[in-house]
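Residue strings, one per chain:
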Amino acid sequence: MSTSTPPEAQEIFKELKAVCVPLFGTSRITPSSSPTTSRLLTDLIRLLQKIQPNELNGSLISYTFLPLSTILERNASSEIPDQVLEKILVALGLLCQSWWWTCDTKIWEQVFKLCGAIIGGLEGKGKGKVRDDETKEAATRCLLALLHKRSEQEASCRLLPPEDAIKRLRQFQECARDPRFIPILGQTVDFILGPVESRSTSLQLVSLELLYQIIEIYAPEDLIPTILPGVVSTMCKVCLGTSSGKGWVNGEVVARALKVMQSTIVRAISDDICIKEGALHRVEDLEDLSKLAHEPTPDNFVHGQSRPYVKRTGSWLHGTASQLHITLNSLTPLVSHPTPAVLHELANSSATILHATPLALPQTQPLLLSFLLSLSNAIFPSVASSAHHALLKLLAKASTGQSTLLQTLMNSTADNLLALPRLLSTQADSKVEHISGLIEAVCRLAVSDENPTTESLSPISKGIGRLLGPTGGIEKWGWSLLSVLELVEPYIVVTQTSAAQLMLESNPDSPDWVSFPELTFKNITSRSTRDALENMLRALGRAAQDSCLFSVEWFINIGQSGASTSAVTALWCGCRLLEGVANISLSSITRCSTHQQKSKRLDKLARTLSKSLAELWDKSDFEVIDEDTVEQRNDNADEGTQPHVQHQKGLVPLHETLKIIPPLRSRTLRKTLQPMLHRSLCLQLLAVASGIIQARFTSLFIYVLYPVLHSLVSSVTYLSSTASATLNYITFATSYATAANLLLSNFDYALDAISRRLTRRWLDIDATKVFVVMIRLVGSDVVDRAGDVVEECFDRLDEFHGYELIVEGLVEVLSEVIKVIETDVKARPAELKSSEEDTSTSSQFYRLKDINEFFDWLPKRKQSRLDVEETVDYGPAPRKAWGKSDSNDGENKQEDESQPTDPNAGPPPTPIQALTKQIVSRSLYFLTHGSPVIRSRILNLLASSVLVLPESALLPSIHSAWPFVINRLTDLETFVVSKAALLIEALAVNVGSFMFRRIWDDVWPRFRTLLNRLDEAEASSALSRRAYGAVGTESAYTHLHRLYHSILKTMTASLQGIRPHEESVWQVILAFRRFLGNQVHEELQQCARDLFIAAGKLNPDAVWLVLSSTSDAEYPIMAFMAETRWGIEENVRIVLEQIDT
């Protein structure tokens, strides 16, 4: 090299010389020199890879190219091994990276021809030699390095002007579009289509990239129609994997194939090129139409210098468009491809073809739109966003094909709605989900928040509004949808919380949000399909806005006509549409508290709907069934004259096919009544109405509260769970903190609604249950309003005292009020009755230690505590009430002197105590009611009131009712006896002094008899424990267990702090020693231990004698008391240890 060459270039030259000179010497390939040539080529490749492309100038490239060309010239193509040829092409490709800027066009053509020949297997004269995939890949990469477009940044790196990259590319484009070179270019494209279908993924990828570069950059416009069929057909095979035979294709391969197909279609059949060449005419006015009538028909082929090629004409366009539509339709499976790259490229290709061919491919527009709509529902967010933005861009005002695309979009949406019932009837879940997704995607375009030009998409909203409006023909697809879509009540209701849990407002673990239970469909098995249908209807309502209210009213009117399957389905459809119009969702808390402005029409519909739906609860279930039965008979009468279509699964019976015997008359399909599902969907509509009206919904509580509470007490799990979720949703929608606050604030509305349904004109048996659940929901806050409740209950008891079922329900309401009051009193221990300490049994029965203490107490026995002079000095204190004037002192003194005070009188009763006293006094008459359930509930009510009332108010009522209470211990029903024992237990624990003599004179003899009877009854009871020496039942929730528990607790309270007769204590400890057995329930064992410990405090010797004699027959004289089968040893040890301490 010359001395003016930079030092860096000289160093590179020396390195290249060390390799090129030996390589030149071994340019003649023989079996002995082939390994050396291969090694030298490898060294050359490594050296070229180490050198930066911008460091190679023209001289270095020519010097390096010389040995490579010499090898190709001195050896026949068939004599060069594949490995050697591969390395030559790799080295040549590395040179072409830099040679592209300086090489002559002749060299460019020669390298192009060489690589194309190697790819096509036509290197020499004749048939040539077929090379392996590695050699073809090297030739393809070499050609790609020669053809790919250079950027302006690369020109700047080589210290060249940026425009040189564009100028150089134009030179090669002119060379490639030379008429003499076009056949070579076309033949090369044909050669590349072979490796595109190779099994080698790397060869496929580089071949597709090369094919895209040739078609997009170098192929002339006249050549594209000629190569269009072959390229599109091959790309379709590659995308679907039909040529490889593997059954699957790499995602990157499919993406590049789609890119090649898109480029070929756009360049071959775009509107611009077809209009330019006369194959297509854009008609915008009458003048264009007149020119179209006199346009001559050109030939399909034009003969060039070397070979004819296809010209764009009207007939060619018509035929090609049909073939392209078939090809693109075969790519539909790619919509569900698992690779994001493929989905991205499919969306990009569809959008590009749609934008370029609105007039050339009119029949393909719905197909490409469906691709984009489906991809906008993809599971990959990037793909969905890309497809959505592409649709927005296509439908923008600036788009030339906006009107055509909008019309196509609306037509396809209408067709999809009409096709939906047919797909549902065939139970094709995947197709139903696909169609629903397409409709939802169209609706999202109308309400897109990301589109800055929302006015441009208003035609979509208007079009959907017309589709769902009075002129949209909802009768066509609406009735078809109702006839094939059938809801069924789920066998298992899965909810986050139950109706019973909702009643526990004080539970801190209760969730803030209660989800609506899910519905199931008879002919839809996939949950995703059901969700797709719901989202589709919501999207339709959201897109159409007020125009959709006609369809909402149409569905709801059908739903209110009865409780048949079609009516239930109509309510479901109307509810989902209304959710969309209001832009709320029953399945999400975030959409509940929206403050979006609602239209007056929607607000009016919500109010009217709430009132009309609430009126459905005015009818009983029997009335609904009777009405539907009449309609069913009328339908069955006309059914014989109508054609019967039945979808049947399984094998077709032979006798019906072969007509061997006369076919049986087909059974008439009876309508199934679904009143519970009907009411559940009505509740959902009420929840949606509350979400629309929000805080102003409170004025409708007088109509709505009773239906919700009535459904909450339903025995059907799905209905009660729906009611629970509805109440929770209304609570959030109306801005109440909890359901208890809502009911308390509107207590009068609820009480009035219940009262109106407990009259002779209008009697609802479940109204009392509604009363109970309302009290439970409100909780302790109902105490302030309990007076109204009690007054209402006793008014109804006076009116319906002869109806056992109503009386039972009203008594349950009173019991619930007492329970709430009892809970409230327990929560505030400071407000308990003040005489509790004075009336305790321990203070009334104080045991004197010796005779001297007796003599000290005797003179003071009649002295009250008030008479004891206080010696404590409290300091200065006021002697009169604050704020009273001196002028009134004389009058007050006279009034005080004229009204003598009772020193033994207690404080006046509180309002709660007065109310409880009223309940107790007026409920005593029902202790002798004929219904055992009522008797048990009255006893339970009295037991709950013991803690609330002071002795002065409680004991007179108990004293008057004592004979009836005692008689309940001999009742025929065990649960009544259990409740009577529970009342006696509460009295013994809280008012022991009052119950002392009654326990030992009246109760204990009956308890003793009852224990003997129960001991005999256990032998025949299926719930009894079967172990040796066992007593009681296995479960702690049986009436027998509760009865034993109450008896034990009663007698334990009676033994504490008193000294009864020795004979009675002996009888008690003998009767209850069997409850200390190890086979008895643990709870009863604990109660028995407490009883014996209390008895041991009174008479430890007797307790020791009984327990030791029962557990161990050590003393022969007491052997008759031994009961080893009970196994009481462990409990005896515990009791004796407690007595000793």
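Residues numbered from 1 in each chain as written. Predicted model: local features only at pLDDT ≥ 70, side-chain atom pairs only at ≥ 80, totals over all residues. Heavy atoms only, no water.

Per an unreviewed UniProt entry, the recorded name for the protein is Armadillo-type protein, and the organism is Crucibulum laeve.

1. A few points about the overall build of the protein
To be explicit about the condition: Secondary structure elements are taken from DSSP: a helix is a run of H or I of four residues or more, a strand is a run of E of two residues or more, and numbering for both begins at the N terminus. Exposure categories follow from relative accessible area, calculated using a 1.4 Å probe and restricted to protein chains: below 20% of the type maximum is buried, above 50% is exposed, and the middle band is partly exposed. Two residues qualify as a contact provided that any one of their heavy atoms is within 4.5 Å of a heavy atom in the partner residue.
Regarding its fold elements, the protein presents 50 helices and 4 strands. By residue count, 49% of the 1141 residues in the protein fall in the buried class. Across the protein, contacts joining residues at least 24 apart in sequence account for 76% of those joining residues at least 6 apart.

2. Description of a nonpolar patch on the surface
Stated formally: Residues with no salt bridge and a relative accessible area higher than 30% make up the patches, which join like charges within 9 Å and nonpolar side chains (Val, Leu, Ile, Met, Phe, Trp, Tyr) within 5 Å. Only the protein chains shown count as cover for residues, and the accessible areas themselves come from Shrake-Rupley with a 1.4 Å probe. Put simply, a salt bridge is a Lys or Arg side-chain nitrogen that is within 4 Å of an Asp or Glu carboxyl oxygen.
On the surface, L763, I765 and L805 cluster together into a nonpolar patch covering about 250 Å² of accessible area. In this fold, I765 is placed in the loop between α34 (747–756) and α35 (767–778).

3. Side note on the environment of S815
With respect to the secondary-structure elements, S815 resides in helix α37 (residues 804–827). A relative accessible area of 7% means that S815 is categorised as buried. Residues S815 and L941, 126 residues apart in the sequence, show an inter-C-alpha distance of 5.0 Å.

4. Topic: the side chain of H1041
Here H1041 lies in helix α46 (residues 1039–1055). Dropping the residues within four chain positions of it, H1041 is found in contact with T1033, S1035, A1036, H1081, E1083 and L1084.

5. Some points on the pattern of salt bridges
Taken as a whole, this structure holds 29 salt bridges when the rule is applied. Residues R607 and D603 are paired through a salt bridge, measuring 3.1 Å at the closest nitrogen-oxygen approach. Separated by 4 residues within a single helix, R607 and D603 lie in helix α27 (residues 600–614), roughly one turn from each other. Classification of R607 by relative accessible area gives partly exposed; the value is 23%. Residue D603 is classed as buried on the basis of its relative accessible area of 12%. A network of salt bridges, in which partner residues are shared, links E518, R527, R530 and D531.

6. A closer look at the packing of helix α20 (residues 429–446) against helix α21 (residues 458–468)
Heads up, the rule is: Every angle, taken between N-to-C directions, lies between 0 and 180 degrees, and every axis is a line fitted to C-alpha atoms, over only the stretch in contact when it is a helix. Roughly parallel means an angle under 35 degrees; roughly antiparallel means over 145; roughly perpendicular covers 65 to 115; every other angle is labelled oblique. Note on residue categories: nonpolar means Ala, Val, Leu, Ile, Met, Phe, Trp, Tyr, Cys or Pro, charged means Asp, Glu, Lys or Arg, and polar means any other residue, Gly included.
It is the contact of α20 with α21, at a shortest axis distance of 7 Å, that shows an interaxial angle of 130°. Judged by the inter-axis angle, α20 sits oblique to α21. Along the contact surface, α20 presents V442, C443, L445 and A446, while α21 presents I460, S461 and I464. Each residue belonging to the contact of α20 with α21 can be placed in one class, and the counts come to 6 nonpolar, 1 polar and no charged.

7. A short note on the nonpolar core
Applied cut-off: Put simply, a nonpolar core is a bunch of buried Ala, Val, Leu, Ile, Met, Phe, Trp, Tyr and Cys residues held in one set by side-chain atoms that sit within 4.5 Å of each other.
Among the nonpolar cores identified, the biggest contains 347 residues, and W108 and F1072 are the most heavily contacted of them. Per-element tally for this core: the top contributor is helix α30 (residues 675–693), with 12 residues. Ignoring anything within four residues of it in the chain, the contact list for F1072 reads W1004, L1011, I1047, L1048, M1051, L1091 and F1092.

8. A short note on the packing of aromatic side chains
Applied cut-off: Centres within 6.5 Å make a pair out of two Phe, Tyr or Trp rings, where for Trp the six-membered ring is used; the pair is then stacked when the planes are under 30 degrees apart, edge-to-face when over 60, and tilted otherwise.
Throughout the structure, instances matching the rule amount to 18 aromatic pairs. When the ring of W108 is compared with that of Y218, the centres are 6.0 Å apart and the planes differ by 40°; the resulting orientation is tilted. Of this pair, W108 sits in helix α5 (residues 105–120) while Y218 is found in helix α10 (residues 201–218), placing the two residues 110 residues apart along the sequence. For the pair W108 and Y218, a shared accessibility class is recorded, and that class is buried. Taking the centre distance of 5.1 Å and the plane angle of 80° together, the rings of W554 and F555 count as edge-to-face.

9. Quick look at the state of the cysteines
In plain terms, the rule: Disulfide assignment relies on a single distance test, namely cysteine sulfur atoms paired within 2.5 Å.
This structure, assessed with the given rule, holds 0 disulfides. No disulfide involves C115; its sulfur sits 3.6 Å from that of C142, the nearest cysteine.

10. As for unusual backbone geometry
The phi dihedral of Q694 falls on the positive side, at around 60°, and the residue is not glycine. Mapped onto the secondary structure, Q694 falls in the loop between α30 and α31 (701–712). Phi is positive for S735, close to 65°, though the residue is something other than glycine. Its location among the elements puts S735 in the loop between α32 (717–733) and α33 (739–745).

11. Re the packing of helix α1 (residues 7–25) against helix α2 (residues 34–50)
Which entries qualify depends on this criterion: We call a crossing left-handed when the near helix sits turned anticlockwise from the far one by less than a right angle, and right-handed when that turn is clockwise.
At a closest axis distance of 10 Å, the pairing of α1 and α2 adopts a crossing angle of 155°. The angle between the axes of α1 and α2 places the two elements in the roughly antiparallel class. The crossing of α1 and α2 is left-handed. In contact with E15, L16, V19, C20, P22 and L23 of α1, α2 contributes T37, L40, L41, D43, L44, L47, L48 and K50.

12. Structural notes on the confidence of the model for the protein
We count it as follows: pLDDT expresses how confident the predictor is about each individual residue, on a scale running from 0 to 100.
Here the protein shows a mean pLDDT of 80. Residues at 70 or above account for 80%. Scored below 50 in pLDDT, residues 449–456 makes 11 contacts in the model with residues more than four places away or belonging to other chains. Note on residues 635–643: pLDDT is under 50 here. Beyond four places in sequence and across chains, it has 5 contacts.

13. Overview of the environment of L89
By the element assignment, L89 lies in helix α4 (residues 82–99). When the C-alpha atoms of L89 and E137 are compared, they prove to be 9.3 Å apart, with 48 residues separating the residues in sequence.

14. A short note on helix α9 (residues 182–196)
Spelled out, the test is: What a helix should span is 1.5 Å times the count of its residues minus one.
Look at α9: 21 Å from first C-alpha to last across 15 residues, which is about the 21 Å you get at 1.5 Å a residue. Along α9, the residues that are buried comprise L185, G186, T188, V189, F191, I192, L193, P195 and V196. The inward-facing, buried residues of α9 contact α5, α6 (133–147), α8 (163–176), α10 and α11 (224–240).

15. Looking at the side chain of S270
Among the structural elements, S270 can be located in the loop between α12 (251–269) and α13 (271–276). Relative accessible area serves as the criterion here: at 9%, S270 is assigned to the buried category. Apart from the residues lying within four places of it in its own chain, the contact partners of S270 are I265, A356 and T357.

16. Quick word on the environment of H1041
What counts, and what does not: Think of a polar contact as two N or O atoms within 3.5 Å of one another; within protein, one of them needs to be a possible hydrogen donor and the other a possible acceptor, and neighboring residues in sequence only count if both atoms come from side chains.
Look at H1041 and you get buried, because its relative accessible area is 2%. Sequence separation of H1041 and E1083 is 42 residues, and the distance between their C-alpha atoms is 9.4 Å. Separated by 3.1 Å, the side chains of H1041 and E1083 make a polar contact.

17. So, α2
Taking 1.5 Å of rise per residue, the 17 residues of α2 would be expected to cover 24 Å, and the 25 Å separating its terminal C-alpha atoms lies within 8% of that figure. Among the structural elements, α1, α3 (58–74) and α4 are those in contact with the buried residues of α2.

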